[in-house]
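Each chain, letter by letter, is given below.
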Amino acid sequence: MHASQGRSAGLGLALASAFAFGGSGVAAKPLIEAGLDPLHVVWLRVAGAALVMLPVAWRHRDLVRSRPVLLLGFGLLAVAGVQACYFAAISRIPVGVALLVEYLAPALVLGWVRFVQRRPVTRAAAVGVVLAVGGLACVVEVWSGLSFDAIGLLLALGAACCQVGYFVLSDPGSGGRAAGAEPPHPVGVIAYGLLIGAAVLTVVARPWSMDWSVLGGSTGMSGTEVPAWLLLVWIVLLATVIAYVTGVISVRLLSPAVAGVVACLEAVIATVLAWVLLGEHLAAPQLIGGAMVLIGAFIAQSSTPKAPAGPVASGSGGAVDRDAVEGELSAGRAAT
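Residues numbered from 1 in each chain as written. Predicted model: local features only at pLDDT ≥ 70, side-chain atom pairs only at ≥ 80, totals over all residues. Heavy atoms only, no water.

**Focus: the overall build of the protein chain**
Thought 1: Scanning the protein chain from terminus to terminus reveals 16 helices and 4 strands.
Thought 2: Residues classed as buried in the protein chain amount to 53% of the 336 residues present.
Thought 3: Here the contacts in the protein chain between residues at least 6 apart in sequence split such that 85% fall between residues at least 24 apart.
Thought 4: For the protein chain, the computed accessible surface area is about 14,300 Å², with 69% contributed by carbon and sulfur atoms. (Helix = DSSP H or I, 4+ residues; strand = E, 2+ residues; numbered from the N terminus. Buried < 20%, exposed > 50% of the residue type's maximum accessible area, 1.4 Å probe, protein only. Contact = heavy atoms within 4.5 Å. Areas by Shrake-Rupley, 256 points an atom, 1.4 Å probe, with all protein chains shown as cover.)

**What to know about unusual backbone geometry**
Thought 1: Here the phi dihedral of R206 falls at roughly 50°; this positive angle occurs in a residue that is not glycine.
Thought 2: Mapping R206 onto the fold places it in the loop between α11 (186–205) and β1 (218–221).
Thought 3: Overall, the relative accessible area of 49% leaves R206 in the partly exposed class.

**Describing the pairing of β1**
Thought 1: In β1, alternate side chains face the same way, and those of T219 and M221 are buried while those of S218 and G220 on the opposite face are not.
Thought 2: Pairing between β1 and strand β2 (residues 224–227): 4 bridges, direction antiparallel. Across the sheet, the residue bridging to G220 is E225, located in β2.
Thought 3: Taking the residues that link successive antiparallel strands as the turn, the β1-β2 hairpin has 2 residues, and the phi of S222 there is positive, at about 55°. (Pairing = 2+ DSSP bridges.)

**Regarding the confidence of the model for the protein chain**
Thought 1: Looking at the protein chain as a whole, its pLDDT mean stands at 80, while 79% of the residues score no less than 70.
Thought 2: Counted against residues more than four places away or in other chains, residues 172–179, with its pLDDT under 50, gives 15 contacts.
Thought 3: Taken as a whole, residues 307–334 scores under 50 in pLDDT and shows 65 contacts with residues more than four places along the chain or in a different chain. (pLDDT = per-residue confidence, 0-100.)

**Thoughts on the state of the cysteines**
Thought 1: For the structure shown, the criterion picks out 0 disulfides.
Thought 2: Here C85 is not disulfide-linked; the sulfur of C162 is the nearest cysteine sulfur, at 4.7 Å. (Disulfide = S-S within 2.5 Å.)

**Description of the environment of G279**
Thought 1: Looking at where G279 falls in the secondary structure, it is placed in the loop between α14 (265–278) and α15 (284–302).
Thought 2: For the pair formed by G279 and G223, sequence separation is 56 residues and the distance between their alpha carbons is 9.5 Å.

**So, the environment of S222**
Thought 1: Residue placement: S222 occurs in the loop between β1 and β2.
Thought 2: Counting along the chain gives 58 residues from S222 to E280, while the straight-line C-alpha distance between them is 9.7 Å.
Thought 3: In contact with S222, other than residues within four places in its own chain, are V276, L277 and L278.

**Quick notes on a nonpolar patch on the surface**
Thought 1: A cluster of nonpolar side chains, namely L11, L15, L265, V268, V272, W275, V276 and L287, defines an oily patch on the protein surface of about 640 Å² accessible area.
Thought 2: Residue assignment for the nonpolar patch shows that the elements contributing at least two residues are α1 (3–22) and α14.
Thought 3: Examining the composition of the nonpolar patch, we find that 5 residues originate from one element, α14, more than from any other.
Thought 4: With respect to the helices and strands, L15 occurs in helix α1.
Thought 5: Judged by relative accessible area, which is 38%, L15 ranks as partly exposed. (Patch = residues over 30% accessible without salt bridge, like charges linked within 9 Å, V, L, I, M, F, W, Y side chains within 5 Å. Salt bridge = Lys/Arg side-chain N within 4 Å of Asp/Glu carboxyl O.)

**Describing helix α3 (residues 38–52)**
Thought 1: With 15 residues, α3 should reach 21 Å at 1.5 Å per residue; the first-to-last C-alpha distance of 21 Å fits that figure.
Thought 2: Here α3 lies mainly inside the structure; 12 of its 15 residues are buried.
Thought 3: Taken residue by residue, α3 has P38, H40, V41, V42, W43, L44, R45, V46, A47, G48, A49 and A50 as its buried positions. (Expected span 1.5 Å × (residues − 1).)

**Description of the pattern of salt bridges**
Thought 1: The final tally for this structure, using the stated rule, is 2 salt bridges.
Thought 2: Between K29 and E280 there is a salt bridge, and its shortest N-O distance comes to 2.6 Å. You can see K29 sitting in helix α2 (residues 24–33) and its partner E280 sitting in the loop between α14 and α15, a full 251 residues away along the chain.
Thought 3: Ionic pairing is found between D149 and R92, a salt bridge with its closest N-O pair at 3.0 Å. With a gap of 57 residues between them, D149 in the loop between α9 (123–139) and α10 (150–169) and R92 in the loop between α6 (68–90) and α7 (95–102) connect regions that are remote in the sequence.
Thought 4: Since its relative accessible area comes to 28%, D149 is described here as partly exposed.

Dropping the structure here:
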């Protein structure tokens, strides 16, 4: 495949991943409004995706021995934590608002770098944080005394914090991997993260108490009755399995920076879909604030200083840049 063809394919896959991730909240909210608990919807999503990814987990079973901490971190934080907080948040606040709050994660990563790791941050990174925080103030309309449910906003912020936890764990300079070790296969990490997340959520959500009859009925979406099982298939296959896999492949065909820019479209797609399919309209100041959050998140993410670490051995025996390894792992984000 020529380089230009590879970039075109990577761009298409990155867009597909952003669209797939962006639709998860739109498909989940009608199920929650039909009577399912948010935790039950999360469990259905994660457990269903884990079953689909079982063959991948078996193929990369060596990860259980070589990277147990990373797998646990991904399962507990990036899968169970992010999705449980996000789905609980969208049961109380609009989908677009919840996802935009979650996009504070890159800014929070910079806070970790500056105040916990005590590494300097660039001026551009600081500008990105200010933009993101200012945009968030517009999204939640602080001048009107937080017009949205405060608990819903805190849950969305919790999703962002869980993402930060995973990013810290997947930092090769944080001590999570021995020097010279081969980077883990991102699809394998995703598969085991889903399995671990499903196990944890089974204990927390107690699916045996779920009203399974809801899945046999239908639910309303912008005045149209949609079978509940169809929304579940959407969440499991499109918004989870396909979203993760296409995201990982796109990072390998594009640079992590380019894939990250495209991933920012996820929030835009989610907001538009919620507007069209759920009737969740955002006011002009909120749309402007949302744009500020995305721009600030991108600047913060692209300006995050890297720890002084040497090259990491790649699977082919060569050496790859540390950013590329981080990009592959970040493509496996549980970005709702």
